[in-house]
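Examination of the molecular architecture
Spelled out from the first residue to the last, the chains are:
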Amino acid sequence: MATVSAPNRTIVAVVFLVGGALQILGAVVGLANSGNSGGFYLLSNLAIGAAFALMMAWFAVTTIARVGYFIAALGWLLLALTGLINLGIVGQVAVFVAIVGSVFAAQIVISSRPFDGQADILLFVGMIVGAVNLLLSQNENVPSLLRALVVVVFGALLVAAGILMLGKRLSRPTT
């Protein structure tokens, strides 16, 4: 059985917090057309994928939880890889895997409650919004302002979930 120790929870919280902040930064830079927002999304996708990989290693108690976190980690890490190099059809598959993995991991988070409280709910809602964000990224007819708004909401939910995960760490030490 996996135990959620305080340092493990802190590391995952910080990684989700950084991933969310980079999503927001990428949306703002992309909307302002003042730089390369792709770099921010690359680092954000890498952070989110790493957070799910750490959750798989440290928090997953059941096989289905390990599979769910693995699919989410694989999808987000493949998205980060497609930010570096053009993988063709693999990029489209990466988006699909990230969507399915995010929804699957969100269901596992809300049912197993690894963070005991509001952080679980915010992470659940954040992953659903993240899946919507990835779906919107595949449609060229979506206005850029709407796309940026969804990205900012996604990032804000990840940041809020990370802060609440840290708050639980600071208020009540666990072993």
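Values in this document were obtained by computation on a predicted structure and should not be read as measured data.

This part is about the overall build of the chain. In terms of helices and strands, the chain carries six helices and zero strands. The order of α-helices and β-strands along the chain, N terminus first, is α-α-α-α-α-α. The globule rule puts the C-alpha radius of gyration for 175 residues at 16 Å, and the 15 Å found for the chain is close to it. Principal-axis analysis of the C-alpha atoms gives the chain an extent of 45 × 30 × 25 Å. Across the 175 residues of the chain, 43% fall into the buried class. For the chain, the proportion of contacts with a sequence separation of at least 24, taken over those separated by at least 6, is 71%. Surface summary for the chain: the accessible area is close to 8400 Å², and the carbon and sulfur share equals 71%.

Another point: a nonpolar patch on the surface. A surface patch of nonpolar side chains, about 240 Å² in accessible area, is lined by Leu43, Leu46 and Leu77. With respect to the helices and strands, the residue Leu43 is situated in helix H2 (residues 37-58).

Turning to the packing of helix H4 (residues 89-112) against helix H5 (residues 118-137), a few remarks are in order. Between H4 and H5, the least distance of the axes is 9 Å, while the angle of their chain directions is 165 degrees. The pairing of H4 with H5 is recorded here as roughly antiparallel in orientation. Two packed elements cross with a definite hand, and for H4 against H5 that hand is left-handed. Where H4 abuts H5, its residues Val95, Ala98, Ile99, Ser102, Val103, Ala106, Gln107, Val109 and Ile110 lie against Asp120, Ile121, Leu123, Phe124, Met127, Ile128, Ala131, Leu134 and Leu135. Here the residues of the contact of H4 with H5 are counted per class, giving 15 nonpolar, two polar and one charged.

Now for the packing of H2 against helix H3 (residues 63-84). Closest axis-to-axis distance for the H2/H3 pair is 8 Å, and the angle between their directions is 160 degrees. By the angle between their axes, H2 is roughly antiparallel relative to H3. Remark: the crossing between H2 and H3 carries left-handed chirality. Residues Leu42, Asn45, Leu46, Ile48, Gly49, Ala50, Phe52, Ala53, Met55 and Met56 of H2 lie in contact with H3, whose contacting residues are Arg66, Tyr69, Phe70, Ala72, Ala73, Trp76, Leu77, Leu79, Ala80, Gly83 and Leu84.

Given two aromatic rings, one states the distance between the centres and the angle between the planes to describe the pair. By the definition in use, this model includes four aromatic pairs. Judged by centre distance (6.4 Å) and plane angle (25 degrees), the rings of Phe52 and Tyr69 are stacked. With a gap of 17 residues between them, Phe52 in helix H2 and Tyr69 in helix H3 connect regions that are remote in the sequence. Take Phe52 and Tyr69: they sit in the same class, and that class is buried. Arranged with centres 5.3 Å apart and planes meeting at 80 degrees, the rings of Phe59 and Phe115 form a pair that is edge-to-face. Remark: Phe115 occurs in the loop between H4 and H5 and Phe59 occurs in the loop between H2 and H3; sequence separation between them is 56 residues. The exposure class of Phe115 is buried, given its relative accessible area of 2%. Each member of the aromatic cluster is reached from another via a ring pair, and the members are Phe16, Phe52 and Tyr69.

Our next topic: the nonpolar core. In terms of nonpolar packing, the biggest core is built from 40 residues, with Phe16, Phe52, Met55, Tyr69, Phe115, Leu123 and Met165 touching the most fellow members. Those elements giving two or more residues to this core turn out to be helix H1 (6-32), H2, H3, H4, H5 and helix H6 (144-171). Element by element, the count of residues in this core is highest for H4, at eight residues. If we skip the residues at most four places from it in the chain, Tyr69 touches Phe52, Met55, Met56, Ala60, Ala105, Ile108, Val109, Ser112 and Pro114.

Turning our attention to unusual backbone geometry. Residue Arg113 is not a glycine yet carries a positive backbone phi of 50 degrees. Within the secondary structure, Arg113 is located in the loop between H4 and H5. Classification of Arg113 by relative accessible area gives partly exposed; the value is 33%.

This part covers H4. Over its 24 residues, H4 extends 34 Å from the first C-alpha to the last, a length consistent with the 34 Å expected when each residue adds 1.5 Å. Contacts made by the buried residues of H4 are with H2, H3 and H5. Immediately beyond the C-terminal end of H4, within one or two residues, lies Arg113, with a positive phi of roughly 50 degrees.

Conventions adopted
Residues numbered from 1 in each chain as written. Predicted model: local features only at pLDDT ≥ 70, side-chain atom pairs only at ≥ 80, totals over all residues. Heavy atoms only, no water. Helix = DSSP H or I, 4+ residues; strand = E, 2+ residues; numbered from the N terminus. Rg over C-alpha atoms; globule rule 2.2 N^0.38 Å. Buried < 20%, exposed > 50% of the residue type's maximum accessible area, 1.4 Å probe, protein only. Contact = heavy atoms within 4.5 Å. Areas by Shrake-Rupley, 256 points an atom, 1.4 Å probe, with all protein chains shown as cover. Patch = residues over 30% accessible without salt bridge, like charges linked within 9 Å, V, L, I, M, F, W, Y side chains within 5 Å. Salt bridge = Lys/Arg side-chain N within 4 Å of Asp/Glu carboxyl O. Axes fitted to C-alpha atoms, helices over the stretch in contact; angles between N-to-C directions. Parallel < 35°, antiparallel > 145°, perpendicular 65-115°, else oblique. Left-handed = near helix turned anticlockwise from the far one by under 90°. Nonpolar A, V, L, I, M, F, W, Y, C, P; charged D, E, K, R; others polar. Phe/Tyr/Trp six-rings, centres within 6.5 Å; stacked < 30°, edge-to-face > 60°. Core = buried A, V, L, I, M, F, W, Y, C linked by side-chain atoms within 4.5 Å. Expected span 1.5 Å × (residues − 1).

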